[in-house]
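# Chain and residue survey
Residue-level listing of the chains:
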Amino acid sequence: MKLFGFIICAILSAAMGIKVSIPQEKYEVARGDDFTLPCKFETTQQNPPVIIVIWSALSPQAGQKGKPVATYYHPSGQLDIPPAYEGKATMKKDVDGGNVDLFLKKVSMDENRVFECEVKIPMDDEGTPSAITTLVVLVAPSPPVCQVKGTAEYGRDINLTCFSEEGSPDPKYSWKRHTVQNQPVPLPPRATDKNGHLSLYNVSMDTSGFYLCTSTNKIRSASCNVTLSVMPPSMNIGSTALIIGVCVAALLVIIIIAVCCYRKRKQKKLATEYAMGEVEEEYRDKEPMESERNDRNNKLDDRMERIEDMDNYEERSERNYDRRSDYADRREKNYDRRDDYDDRRERYDDRRDDYDDRRERYDDRRDDYDDSRDRYDDRRDRYDDRRDDYDDRRDRYDDRRDRYND
Ligand SMILES: *[C@@H]1O[C@H](CO)[C@@H](O)[C@H](O)[C@H]1NC(C)=O
Ligand SMILES: *[C@@H]1O[C@H](CO)[C@@H](O)[C@H](O)[C@H]1NC(C)=O
Ligand SMILES: *[C@@H]1O[C@H](CO)[C@@H](O)[C@H](O)[C@H]1NC(C)=O
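Residues numbered from 1 in each chain as written. Chains lettered and ligands numbered in written order. Predicted model: local features only at pLDDT ≥ 70, side-chain atom pairs only at ≥ 80, totals over all residues. Heavy atoms only, no water.

Put simply, the test is: UniProt positions are given in the numbering used here, feature names are shortened, and annotations may be inferred rather than shown by experiment.
In the annotation of an unreviewed UniProt entry, the entry for the chain reads Ig-like domain-containing protein, and the organism field reads Albula goreensis. You can read under Subcellular location (unreviewed entry) in the UniProt record for the chain the words "Membrane".

### Focus on the site of ligand 1
To keep it simple, the criterion reads: Whether a residue is near a molecule or strand depends on its heavy atoms: if one lies within 4 Å, it is near. Nitrogen and oxygen atoms within 3.5 Å of one another constitute a polar contact, given that in protein one can donate a hydrogen and the other can accept it, and given that sequence-neighbouring residues count only through two side-chain atoms.
In the vicinity of ligand 1, the contacting residues are Lys149, Gly150, Asp157, Asn159, His197 and Ser199. Between ligand 1 and the protein, one listed contact pairs an oxygen atom with a side-chain N or O atom of Asn159 at 2.4 Å.

### Some remarks on unusual backbone geometry
Peptide bonds are, in most cases, trans, and in most cases residues other than glycine have a negative phi. Inclusion rule: In this text, helices come from DSSP runs of H or I with a minimum length of four residues, and strands from runs of E with a minimum of two, each type numbered from the N-terminal end. With a 1.4 Å probe rolled over the protein chains alone, any residue whose accessible area is under 20% of its type maximum counts as buried; one over 50% counts as exposed, and the rest are partly exposed.
With omega at 10°, the peptide bond leading from His74 into Pro75 counts as cis. Note on placement: Pro75 falls in the loop between strand S6 (67-74) and strand S7 (78-80). At Asn47, a position not held by glycine, the phi torsion is positive, near 45°. In this structure, Asn47 sits in the loop between strand S4 (40-42) and strand S5 (51-58). Residue Asn47 is classed as exposed on the basis of its relative accessible area of 72%. Positive phi, close to 70°, is recorded for Met123, a residue that is not glycine. Mapped onto the elements, Met123 comes out in the loop between strand S10 (114-120) and strand S11 (127-128).

### Quick notes on the state of the cysteines
Using the following cut-off: Sulfur atoms of two cysteines make up a disulfide when they are within 2.5 Å.
In total, this model carries three disulfides according to the counting rule given. The disulfide bridge from Cys146 ends at Cys224, spanning 1.8 Å between sulfur atoms. Taking the torsion about the sulfur-sulfur bond, which here is approximately 80°, the covalent link between Cys146 and Cys224 counts as right-handed. Taken together, the residues Cys146 in strand S13 (residues 145-149) and Cys224 in strand S20 (residues 221-228) connect sequence positions 78 residues apart. For the pair Cys146 and Cys224, one class covers both residues: buried. Counting only the cysteines that form disulfides, in the order they appear in the chain, gives the pairing 1-2, 3-6, 4-5.

### Focus: the pattern of salt bridges
So the rule is basically this: A carboxyl oxygen of Asp or Glu within 4 Å of a side-chain nitrogen of Lys or Arg is what we treat as a salt bridge.
Inspection of the entire model under this criterion finds four salt bridges. Between Glu166 and Arg31 there is a salt bridge, with its nearest N and O atoms 3.2 Å apart. Taken as a pair, Glu166 in the loop between strand S14 (158-163) and strand S15 (172-178) and Arg31 in the loop between strand S2 (26-30) and strand S3 (35-37) lie far apart in primary sequence, 135 residues in all. Assessed through its relative accessible area of 37%, Glu166 is described here as partly exposed. Classification of Arg31 by relative accessible area gives partly exposed; the value is 39%. In this structure, Arg156 engages Glu153 in a salt bridge whose closest nitrogen and oxygen atoms are separated by 3.4 Å. A residue is classified by how much of its surface remains accessible, and Arg156, at 41% relative accessible area, is partly exposed.

### A look at the nonpolar core
For the record, the criterion: We define a nonpolar core as any set of buried Ala, Val, Leu, Ile, Met, Phe, Trp, Tyr and Cys residues linked to one another through side-chain atoms lying within 4.5 Å. The criterion used for residue contact is that any of the two residues' heavy atoms lie within 4.5 Å.
Among the nonpolar cores identified, the biggest contains 32 residues, and Leu37, Trp55, Leu102, Phe115, Val119 and Leu135 are the most heavily contacted of them. Per-element tally for this core: the top contributor is S5, with four residues. Not counting the four nearest positions on each side in its chain, Phe115 is found in contact with Leu37, Trp55, Ser56, Ala57, Val69, Leu102, Leu104, Ala131, Ile132, Thr133 and Leu135. In terms of nonpolar packing, the next biggest core, distinct from the first, is built from 16 residues, Ala152, Leu198, Cys224 and Val230 among them.

### Quick word on the sheet that holds S13
Quick note on the threshold: Between any two strands, pairing holds if DSSP finds at least two bridges. Each axis is a line fitted through C-alpha atoms, taken for helices only over the stretch in contact, and angles between the N-to-C directions span 0 to 180 degrees.
Pairing within the open sheet is antiparallel, and its four strands lie in the order S13-S14-S18-S17. Every other strand in the sheet has two partners, leaving S13 and strand S17 (192-194) as the edge strands with one partner each. Within this sheet the neighbouring strands show an average axis-to-axis angle of 15°, counted without direction. For S17 and strand S18 (residues 197-200), the ladder comprises three bridges, and the chain directions are antiparallel. Its bridge partner being in S18, Thr192 is matched across the sheet by Ser199.

### Focus: the pairing of strand S1 (residues 18-21)
Burial along S1 is one-sided: Ile18 and Val20 are buried, while Lys19 and Ser21, pointing the other way, are not. Alignment of S1 against S4, held across three bridges, turns out to be antiparallel. Its bridge partner lying in S4, Val20 is registered against Phe41.

### Overview of the side chain of Glu111
For Glu111, the position within the fold is in the loop between strand S9 (99-104) and S10. Of the residues examined, Glu111 reaches a relative accessible area of 2% and is grouped as buried. Of the polar contacts made by the side chain of Glu111, one reaches the side chain of Lys88; its length is 3.3 Å. From its side chain, Glu111 meets the backbone nitrogen of Ser108 in a polar contact 2.8 Å long. Every residue in contact with Glu111, bar those within four places of it in the chain, is listed here: Tyr85, Lys88, Leu104, Lys106, Leu135 and Val137.

### What to know about the environment of Ile219
Mapped onto the elements, Ile219 comes out in the loop between strand S19 (209-216) and S20. For Ile219, a relative accessible area of 31% corresponds to the partly exposed category. On a C-alpha basis, the gap between Ile219 and Leu138 in space is 6.9 Å, while along the polypeptide they are 81 residues apart. Dropping the residues within four chain positions of it, Ile219 is found in contact with Ala30, Leu138, Val139 and Ala140.

### Some points on the sheet that holds S15
Strand order in the open sheet made by the four strands is S16-S15-S19-S20, with antiparallel pairing throughout. Each edge of the open sheet is held by one strand with a lone partner, namely strand S16 (184-185) and S20. Pairing between S15 and S19: seven bridges, direction antiparallel. Its bridge partner lying in S19, Tyr173 is registered against Ser215.

Shown next as structure tokens:
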């Protein structure tokens, strides 16, 4: 029976022609590893003159034609590798043994696809000339991102999303819920968890909590979490409305105050301008001439009188109107200077009186002097008289002497 079966098989095999096979439907490899995809073939031909082995990669989309990865020609030994797989793919071949394996170096996500091994032998085109297998390149899921989509307010429907950028095969996601105290609790009753998309309906305070999403594939898993705190809508809307209302009210008050101030200021300004004329501009000049200053003082006095006539203006100006008080100050100073001048003038007059007195006294003394001079002249005259006397006496003495000597 066994022998019969073997014979049948051999006959069938011979009848069905070439047989190409890949042991597994699917191979898994971690990204970055080297990998060899095995392929075996059996042929009915004895020492076929030509054998062509073609490894090609099929696009993930079904029905698309594959692209060659490596083509080997036996017995010439020619191996064609297209530029896209240069340095990446090569063939490990033992044609006599019926092994034509594809070697892939440092597998990347591009090799995450279906590969086909096809063997072409002349006169042996019946049977199974090709086989396919799926290479699954595995990538650990990248840390997922958890997000809350929607407004977490009472009565709303919201979604929690979870997604890993990387991960091959595509990670599976699952949400778990914890209390704030980190105790596991079931998801809310109506919640639906569809591959990382957790929909929560009619949320309330009870929906609040700590939500944890885990992204898992064959290699590894990663997780993220969000803390959901559902707020009463009335509070949010109420507080927002209150804040807006307060802001608007404050703004209105500010505007009203600003308008009032502006108007009052303008009125004051008009009144002042009427009263002061171009004084403002004149006062901006830095160093007015001496004569101008005197003129101005006169003008200021005139204007001051006019200002004092305006009782209303006086009342208003009692409030802090700087320019008005400045003016008053300057006017007072002017008065002060005037007083100074008067003082000085008085002092000058006093001194003049003094001088007159002193002059009189001088004149008196001069008279005295004249008197004494007269008296001196008198005395001189008398002295001269006496001298004459003396000379006379001397002459007489000399005469007497001469007479004595004789
Ligand atoms: C939540 O997801 C559902 C279904 O995926 C969608 O219809 C709904 O608009 C989403 N809601 C929000 C707030 O994103
Ligand atoms: C939402 O939940 C509240 C109680 O939390 C319930 O009174 C209300 O009927 C619910 N609304 C819907 C549309 O389910
Ligand atoms: C929640 O996520 C943060 C990062 O977003 C992480 O640091 C923390 O450990 C996570 N908590 C838990 C309990 O997983």
